[in-house]
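Observations on the model geometry
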Amino acid sequence: MNIRIIGVPMDLGADRRGVDFGASAIRYAGLSDQLRRLGHSVHDIGNIVVPQPESQPIGNPHLKYLDPIVQVAEDLAQQVADALRSNEFPLILGGDHSIALGSISGVASVHRPLGVIWIDAHADFNTEETTPSGNIHGMILAALAGLGNERLTHVGGWTPKLNPDNIVVIGARDLDPGEQALLRAHHVHVFTMSSIDQYGMPEVLRQAIELAGRQGQGIHLSMDMDSMDPREAPGVGTPVRGGLSYREAHLAMEMLADSQRLVSMDVVEVNSILDQENATARLAVELILSALGKKIL
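Nothing here was measured: the structure is a model prediction, and the numbers come from that model. (Residues numbered from 1 in each chain as written. Predicted model: local features only at pLDDT ≥ 70, side-chain atom pairs only at ≥ 80, totals over all residues. Heavy atoms only, no water.)

A word on the UniProt feature "binding site: Mn(2+) 2" (unreviewed entry) in the protein
Worth spelling out the cut-off: UniProt positions are given in the numbering used here, feature names are shortened, and annotations may be inferred rather than shown by experiment. Going along the chain from the N terminus, every DSSP run of H or I of four or more residues is numbered as a helix, and every run of E of two or more is numbered as a strand. Here, residues are in contact when the closest pair of their heavy atoms is within 4.5 Å.
UniProt records the feature "binding site: Mn(2+) 2" (unreviewed entry) at D124, using the numbering of this structure. Structurally, D124 can be placed in the loop between strand 4 (115–119) and helix 5 (140–144). Residues in contact with D124, not counting those within four places in the same chain, are H97, W118, H137, G138, M139, I140, L141, A142 and E179.

Given below as structure tokens:
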């Protein structure tokens with residue numbers, strides 16, 4: 001596989017600072033060398049330029065930093081689409097989860113229809129009407145489905161990027177009330193941690209791959225490191241107890257690799273300021289390797 005690594009040091013979509021170091025931390029944990037050991041070709045193009053929060057006005061308190069987030073999304077979407085057209089697998093390193101607006105917009109411009117598996121403690125399905133915080137990283141999946149502010153929904157000049165029927169959220173355990181209503185109204189497939197407890201990760205992933213990849217379409221994986229239990233991944237901005245175990249997460253990645261349906265991937269919300277000896281970034285590298293073909297035997 002030819003892999004293009006794109007760093008997006010986005011620190012505008014959330015309240016807690018530190019995720020802008022995430023891409024560097026993942027690289028420092030040995031990502032490129034370990035991908036090459038698997039036999040992949042790696043083309044790391046560095047980081048997209050992202051303005052610092054100190055240099056930008058917050059703007060609308062229900063859509064904080066809207067202008068720079070949209071601009072970065074437009075730039076990233078072009079880079080991702082270019083990678084795919086060059087027969088490269090886009091591997092995007094965040095940054096907060098608002099970067100998925102650009103990564104998925106770029107993939108969806110090439111792969112239509114597109115399925116998405118969104119592994120996250122949160123569903124990120126708010127709009128400016130339902131958000132309790134105004135943080136745009138909590139609105140991205142809704143925007144990709146065509147809901148919310150027009151500036152977010154129309155990145156790349158078109159909407160929607162995703163059919164809710166091809167979106168699968170895994171690991172959710174912290175949902176806002178308005179967000180819950182939107183998820184139900186639009187029939188998004190959500191496997192909460194309770195679902196994983198009840199059915200087990202193998203069955204959840206089997207269904208997720210079937211739902212996101214129906215009709216043979218490609219699947220984008222969006223991996224938020226706060227999906228993990230905080231004991232496994234301490235370096236995230238919005239930790240929530242009761243998350244995925246180390247082996248549950250690896251099994252999910254291994255099953256996605258075996259499906260041979262992945263066309264792109266982003267990994268987000270590694271917060272180096274809050275991490276312990278780069279443990280969360282090192283775990284992110286391990287999960288990326290499993291998703292891209294590393295096996296125990």
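On we go from here.
Remarks on the packing of aromatic side chains
We apply this condition: Stacked, tilted and edge-to-face are the three classes assigned to paired rings of Phe, Tyr and Trp, where Trp is represented by its six-membered ring and a pair needs centres within 6.5 Å; plane angles under 30 degrees give stacked, over 60 edge-to-face, the rest tilted. Placement of a charge over a ring requires the Lys NZ or Arg CZ to be within 6 Å of the ring centre, with the centre-to-atom vector within 35 degrees of the ring normal.
The final tally for this structure, using the stated rule, is 0 aromatic pairs. Residue placement shows R112 over the ring face of W158; its charged tip is 4.0 Å from the ring centre.

Observations regarding the layout of surface pockets
Note the following rule: A 1.4 Å probe that fits but cannot get out identifies a cavity on a 1 Å grid over protein atoms alone, an open set with protein on both sides within 12 Å along at least five of seven lines counts as a pocket, and a residue lines either if it has an atom within 4 Å of a point. Grid points are joined across faces, edges and corners, and a volume is the space filled by probe spheres set on the points. Polar here means any residue outside two lists: the nonpolar Ala, Val, Leu, Ile, Met, Phe, Trp, Tyr, Cys and Pro, and the charged Asp, Glu, Lys and Arg; Gly therefore counts as polar.
Taken as a whole, the largest pocket encloses approximately 290 Å³ of empty space. Around the largest pocket sit 18 residues that line it, and H122, S133, H137, G138 and D176 are the ones nearest its centre. Partitioning the lining of the largest pocket into residue classes produces 1 nonpolar, 9 polar and 8 charged. Empty space within the second largest pocket amounts to approximately 220 Å³. What lines the second largest pocket is a set of 13 residues, among which M1, L256, A257, Q260 and A291 lie closest to the centre. The dominant element in the lining of the second largest pocket, judged by the number of residues it contributes, is helix 10 (residues 246–259), at 3 residues. For the lining of the second largest pocket, the residue count by class is 7 nonpolar, 3 polar and 3 charged.

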